[in-house]
Amino acid sequence: MRLYSLLASAKINLYLEIIGDRPDGFHELVMVMQSVDLADRVTVRSLGTKEIRVSCSHPQVPNDKTNLAYRAAALMAEKFPDAYAKQGGVDITIEKQIPVGAGLAGGSTNAAAVLVGVDLLWNLGLTQLELQDLGAKLGSDVPFCVVGGTAIATGRGEELDFLYGLDNLYVLLAKYRSLSVSTPWAYKSYRQQFGDAYISISDSAGLDERRRRVHSGPMVAAIAHQNGLEIGQGLHNDLEKVVLSDYPKVAYLKKTMAALGGLGSMMSGSGPTVFSLVSSRQQAEQMKTQTLEQISDPDLDLWVAKFLPTGIRLDD
Ligand code: ATP
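What you see is a predicted model; the values in this text were computed from it and never measured. (Residues numbered from 1 in each chain as written. Predicted model: local features only at pLDDT ≥ 70, side-chain atom pairs only at ≥ 80, totals over all residues. Heavy atoms only, no water.)

K.L.:
Honestly, the site of the ligand in this entry has me stumped. Any pointers?
P.N.:
By nearness alone, 21 residues border the ligand, and Gln60, Asn67, Gly101, Gly103 and Gly107 come closest of all. Between the ligand and Leu104, the relevant distance is 3.1 Å, taken from an oxygen atom to a main-chain nitrogen or oxygen of the residue. One of the backbone nitrogen or oxygen atoms of Gly106 is found 3.5 Å away from an oxygen atom of the ligand. Contact with the protein chains covers 75% of the free accessible surface of the ligand, which is 610 Å². When atom positions are compared with the pocket grids, the ligand is found to occupy the largest pocket. Broken down by element, the residue count for the shell around the ligand peaks at 4 residues, all from helix α3 (residues 106–121). Counted by class, the shell around the ligand contains 8 nonpolar, 10 polar and 3 charged residues. (Near = heavy atom within 4 Å. Polar contact = N/O pair within 3.5 Å; in protein donor to acceptor, adjacent residues only side chain to side chain. Areas by Shrake-Rupley, 256 points an atom, 1.4 Å probe, with all protein chains shown as cover. 1 Å grid on protein atoms, 1.4 Å probe; cavity = no way out; pocket = protein on both sides within 12 Å on 5 of 7 lines; lining within 4 Å. Sits in = over half its atoms within 2 Å of the grid points. Helix = DSSP H or I, 4+ residues; strand = E, 2+ residues; numbered from the N terminus. Nonpolar A, V, L, I, M, F, W, Y, C, P; charged D, E, K, R; others polar.)

Right, dumping it as structure tokens:
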């Protein structure tokens, strides 16, 4: 039986700006995405039968067709029917390390790993661009998760410009285990509160100008210079405006972590994970201890992770 074991890394957003509505109902975004080495292990095995199976022991992750990893395998079967008929189906096992519903793209990175794993199992020889295009059919974050590293993401998040891959920084990630934020809720609330300031989709010059502002802005320059201090100063997430006001525990967590120092603190994606950027593992571990001293809540989980210049990796 052939199998591939892959490490599927989480992402954080160093920058997330909402610039408008799209005709497809999604938001037009400009983001800077970063892979970190907090990762799920995704194992894909060839099955003799024409079947797709997925299993994950995490109670919040479905073991059926609604699992994004299952949907990735089903997409491969649909797009490559000859390989599916010849090679048979796939069995997918997900060992979760990335918290669920955390704004860390856990489901998306599992789907990305299945695309990469099935490509290998079926000897398809797909290019990274082809894998990214398939990923975009599954979710906005999937194309980034395939390649990983550091990238500017525009459109729904699926149009990528890869930047110098950072690997010299660390993050302390913190999330209340029992707290999840619905991504659709966060974007809907943002539209309700700030939609009046959206740039119209027909204003292509206006949209272009906003994207360009990020491309030539301080965050991208800081990344090019690998300057952790400037990256910390440039952290920005529009969704904090709606999530922090509705989730005071998350706002307090961010405030506590920010007061402990580091290069900067912010919520990732639609939250509720909060991260602090630091320049060494030792400092991240120290801040972890200090955060737990200040918030002694057994519901609070913390992880130390390193920036990663890649996305899906083979686990050897
Ligand atoms: P994003 O940052 O892309 O918004 P997230 O990290 O907030 O994603 P996920 O962990 O991907 O959120 O989970 C969101 C929902 O997707 C959960 O309710 C979960 O049940 C469902 N789901 C489906 N497949 C998976 C998977 N393979 N791993 C995690 N969650 C999954």
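K.L.:
Teacher, can you tell me more about the domain arrangement of the protein here?
P.N.:
One frequently used descriptor of interface size is the decrease in accessible area upon assembly of the parts. Splitting the protein by domain gives domain 1 (3–167) and domain 2 (170–308). Between the C-alpha centres of domain 1 and domain 2 there is a distance of 22 Å. Across the boundary between the two partners, domain 1 contributes 43 residues, which contact 41 residues of domain 2. Carbon and sulfur atoms make up 64% of the surface buried where domain 1 meets domain 2, a total of about 3800 Å² over both sides. Taken together, the links from domain 1 to domain 2 amount to 3 salt bridges. Its salt-bridge partner being Arg210, residue Glu17 comes within 2.9 Å of it at the nearest N-O pair. Linking domain 1 with domain 2 are 20 residue pairs in polar contact (both at pLDDT 80 or more). Looking at the side of domain 1 that touches domain 2, the element that brings in the most residues is strand β1 (residues 3–21), giving 12 residues. Looking at the side of domain 1 that touches domain 2 residue by residue, the classes come out as 21 nonpolar, 14 polar and 8 charged. (Domains from an automatic or database assignment. Contact = heavy atoms within 4.5 Å. Buried area = accessible area lost by both parts, 1.4 Å probe. Salt bridge = Lys/Arg side-chain N within 4 Å of Asp/Glu carboxyl O.)

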